Amino acid sequence: MENLALIANVQSFTVIAIGLMIGLAGVGAAIGVALVGAKFLEGAARQPESAAALQPKLFVIAGLVDAIFIISVAVGLFFATANPLLARLG
């Protein structure tokens, strides 16, 4: 019975960690994309002729920032489906 309580404890902490990980990564990605977009608009407003050169850089940086969130979701799904921490209990 003690082993069952230990497994439930590990799973509950894993769920909390997954929620925090995905939530904080989502907030960070949203703030990062917002800052990049704001700086792009600021740069395009100051020098409209450079907007065409800045736009591809905007999409590359926004994609890299969003990749952090996607990686966080993938790691969260890994821990949710195949938790390696439970193997230590057996």
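Note: the structure precedes this text.
Now for a look at the structure at hand. Every value quoted in this text rests on a predicted model; they were computed, and no experiment measured them.

Conventions used here
- Residues numbered from 1 in each chain as written.
- Predicted model: local features only at pLDDT ≥ 70, side-chain atom pairs only at ≥ 80, totals over all residues.
- Heavy atoms only, no water.
- Helix = DSSP H or I, 4+ residues; strand = E, 2+ residues; numbered from the N terminus.
- Rg over C-alpha atoms; globule rule 2.2 N^0.38 Å.
- Buried < 20%, exposed > 50% of the residue type's maximum accessible area, 1.4 Å probe, protein only.
- Contact = heavy atoms within 4.5 Å.
- Areas by Shrake-Rupley, 256 points an atom, 1.4 Å probe, with all protein chains shown as cover.
- Lys, Arg positive; Asp, Glu negative; His and termini not counted.
- Charge placed at Lys NZ, Arg CZ, Asp CG, Glu CD.
- Axes fitted to C-alpha atoms, helices over the stretch in contact; angles between N-to-C directions.
- Parallel < 35°, antiparallel > 145°, perpendicular 65-115°, else oblique.
- Nonpolar A, V, L, I, M, F, W, Y, C, P; charged D, E, K, R; others polar.
- Salt bridge = Lys/Arg side-chain N within 4 Å of Asp/Glu carboxyl O.
- Expected span 1.5 Å × (residues − 1).

### What about the overall build of the protein?
Piece 1. Helix and strand counts for the protein come out as 2 helices and 0 strands.
Piece 2. For 90 residues, the compact-globule formula gives about 12 Å, and the C-alpha radius of gyration of the protein, at 20 Å, lies well above that figure.
Piece 3. Looking at the protein as a whole, 18% of its 90 residues qualify as buried.
Piece 4. Restricting the contact set of the protein to residue pairs at least 6 apart, pairs at least 24 apart contribute 73%.
Piece 5. A total accessible area of about 6,400 Å² is found for the protein, and carbon and sulfur atoms account for 75% of it.
Piece 6. Computed over 4 positive and 4 negative side-chain charges, the separation of the two mean positions in the protein equals 7 Å.

### Side note on the packing of helix 1 (residues 2-46) against helix 2 (residues 51-81)
Piece 1. Between helix 1 and helix 2, whose axes approach to 9 Å, the crossing angle comes to 180 degrees. Put simply, helix 1 runs roughly antiparallel to helix 2.
Piece 2. Classifying every residue of the contact of helix 1 with helix 2 gives 20 nonpolar, 8 polar and 1 charged.

### A few points about the pattern of salt bridges
Piece 1. Taken as a whole, this structure holds 2 salt bridges when the rule is applied.
Piece 2. The partner of Lys 39 in a salt bridge is Glu 42, and the shortest N-O contact between them spans 4.0 Å. Of this pair, Lys 39 and Glu 42 both sit in helix 1, 3 residues apart, which is roughly one turn of that helix.
Piece 3. Using a relative accessible area of 36% as the deciding quantity, one classes Glu 42 as partly exposed.
Piece 4. Look at the salt bridges and you will find they share partners, linking Lys 39, Glu 42 and Arg 46 into a network.

### A few points about helix 1
Piece 1. Counted at 1.5 Å a residue, the expected span for helix 1 with its 45 residues is 66 Å, and the 66 Å between its end C-alpha atoms agrees.
Piece 2. Val 10, Thr 14, Ile 18, Ala 25, Ala 29, Gly 32, Phe 40 and Ala 44 are the residues of helix 1 that are buried.
Piece 3. Of the surrounding elements, those touching the buried residues of helix 1 are helix 2.

### Focus: helix 2
Piece 1. Spanning 31 residues, helix 2 covers 44 Å between terminal C-alpha atoms, matching the ideal 45 Å at 1.5 Å per step.
Piece 2. Residues Ala 51, Leu 58, Ala 62, Val 65, Ser 72 and Gly 76 constitute the buried set of helix 2.
Piece 3. Those residues of helix 2 that are buried lie in contact with helix 1.

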